[in-house]
Amino acid sequence: MITSDTDIRQIKHLFMTYRNGIVSDTLRKAGQPYAVIFGLQIPQISEIARQLSPSAALARTLWADTNVRESRLLACWIFPVEELLPDEALAMALSVITHEEADILAFRLLRRHPEAGVIPDMITAAAKTPLQRYAAEALRRNLE
């Protein structure tokens with residue numbers, strides 16, 4: 001098991017192990033905005049998450065890595081929901097880069113938050129873009 005103090009390079013090495021060039025190229029051609037796309041599919045990201053200990057610090061570091069698709073998605077798996085403050089949940093939802101991120105954030109993390117019922121309204125009130133409003137709707141769908 002990889003511990004929470006794992007060097008990000010080790011995680012990126014795992015991303016490289018599961019790399020799928022066809023998926024990566026397809027996502028890039030579809031207009032994904034990331035500088036680096038390893039092409040991992042959701043089950044592979046989940047498998048990597050099972051190797052990691054839950055860690056808010058590591059999840060925050062991964063979420064801050066806006067250049068790598070898989071870093072952002074993996075953060076949603078390893079963030080301990082009990083350490084996620086409502087304001088931080090709002091900030092994460094408002095910073096989504098793609099619809100995929102919004103969906104994974106809602107499904108893997110935000111819906112399990114003790115205040116999940118009010119977070120969509122917080123997002124909607126603060127939203128300035130259609131993608132941010134989509135993040136609120138993604139969470140609402142996951143709460144139904």
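Structure first, text after, so check above.
Parameters at a glance
Residues numbered from 1 in each chain as written. Predicted model: local features only at pLDDT ≥ 70, side-chain atom pairs only at ≥ 80, totals over all residues. Heavy atoms only, no water. Helix = DSSP H or I, 4+ residues; strand = E, 2+ residues; numbered from the N terminus. Rg over C-alpha atoms; globule rule 2.2 N^0.38 Å. Buried < 20%, exposed > 50% of the residue type's maximum accessible area, 1.4 Å probe, protein only. Contact = heavy atoms within 4.5 Å. Areas by Shrake-Rupley, 256 points an atom, 1.4 Å probe, with all protein chains shown as cover. Lys, Arg positive; Asp, Glu negative; His and termini not counted. Charge placed at Lys NZ, Arg CZ, Asp CG, Glu CD. Phe/Tyr/Trp six-rings, centres within 6.5 Å; stacked < 30°, edge-to-face > 60°. Lys NZ or Arg CZ within 6 Å of the ring centre and 35° of its normal. Polar contact = N/O pair within 3.5 Å; in protein donor to acceptor, adjacent residues only side chain to side chain. Arc of directions from axis to C-beta. Core = buried A, V, L, I, M, F, W, Y, C linked by side-chain atoms within 4.5 Å. Salt bridge = Lys/Arg side-chain N within 4 Å of Asp/Glu carboxyl O.

**Some remarks on the overall build of the protein**
1) Next: Check the secondary structure of the protein and you find nine helices and zero strands.
2) Next: Counting helices and strands in the order they occur from the N terminus, the protein gives α-α-α-α-α-α-α-α-α.
3) Next: Taking 15 Å as the expected radius of gyration for a compact globule of 144 residues, we find that the protein reaches 15 Å, a close match to that expectation.
4) Next: In terms of overall dimensions, the protein has C-alpha extents of about 40 × 35 × 25 Å along its principal axes.
5) Next: Expressed as a percentage of the 144 residues in the protein, the buried residues total 45%.
6) Next: Within the protein, counting contacts between residues at least 6 apart in sequence, those at least 24 apart form 68% of the total.
7) Next: Summed over its atoms, the accessible surface of the protein is roughly 7200 Å², and 55% of this surface lies on carbon and sulfur atoms.
8) Next: Charged side chains of the protein number 16 positive and 17 negative; the gap between the two group centres comes to 5 Å.

**A short note on the packing of aromatic side chains**
1) Next: For the structure shown, the criterion picks out one aromatic pair.
2) Next: The ring centre of Trp 63 lies 3.8 Å from the NZ or CZ of Arg 72, which sits over that ring.
3) Next: Sitting over the ring of Phe 107, Arg 111 keeps its end group 4.2 Å from the ring centre.

**Observations concerning helix α2 (residues 21-29)**
1) Next: In this structure Asn 20 caps α2, since a side-chain oxygen of it lies 3.0 Å from the backbone nitrogen of Ile 22.
2) Next: Where α2 ends, the next residue or the one after it, Gly 31, has phi of about 95°, a positive value.

**Points about helix α1 (residues 8-17)**
1) Next: Taken residue by residue, α1 has Ile 11, Leu 14 and Phe 15 as its buried positions. When α1 is viewed along its axis, its buried side chains cluster within an angular range of 105° and face the same direction. In α1, the exposed positions that point more than 90 degrees away from the buried face belong to Arg 9, His 13 and Thr 17.

**Quick notes on the environment of Ala 89**
1) Next: Along the chain, Ala 89 falls in helix α6 (residues 86-94).
2) Next: Of the residues examined, Ala 89 reaches a relative accessible area of 0% and is grouped as buried.
3) Next: Sequence separation between Ala 89 and His 113 is 24 residues; the distance between their C-alpha atoms is 8.7 Å.
4) Next: With sequence-adjacent residues up to four places away left out, Ala 89 is seen in contact with Leu 84, Leu 110 and Ile 119.

**What to know about the nonpolar core**
1) Next: The biggest cluster of nonpolar side chains holds 42 residues, and the ones touching the most others in it are Phe 15, Leu 74, Ile 78, Leu 105, Leu 109 and Leu 110.
2) Next: For this core, the elements supplying multiple residues, two or more each, are α1, α3 (42-50), α4 (56-64), α5 (69-78), α6, α7 (99-108), α8 (119-126) and α9 (130-143).
3) Next: Among residues more than four places away in sequence, those in contact with Leu 74 are Ile 11, Phe 15, Ile 45, Ile 48, Ala 49, Leu 52 and Leu 62.

**Things to note about the pattern of salt bridges**
1) Next: Overall, the coordinates contain 10 salt bridges when judged by the stated rule.
2) Next: The residue Arg 69 makes a salt bridge to Glu 70 at a minimum N-O spacing of 2.8 Å.
3) Next: Given the relative accessible area of 0%, Glu 70 is considered buried.
4) Next: A salt bridge links Arg 72 to Glu 101, with the shortest nitrogen-to-oxygen separation between them at 2.9 Å. Of this pair, Arg 72 sits in helix α5 while Glu 101 sits in helix α7, placing them 29 residues apart in sequence. For the pair Arg 72 and Glu 101, a shared accessibility class is recorded, and that class is buried.

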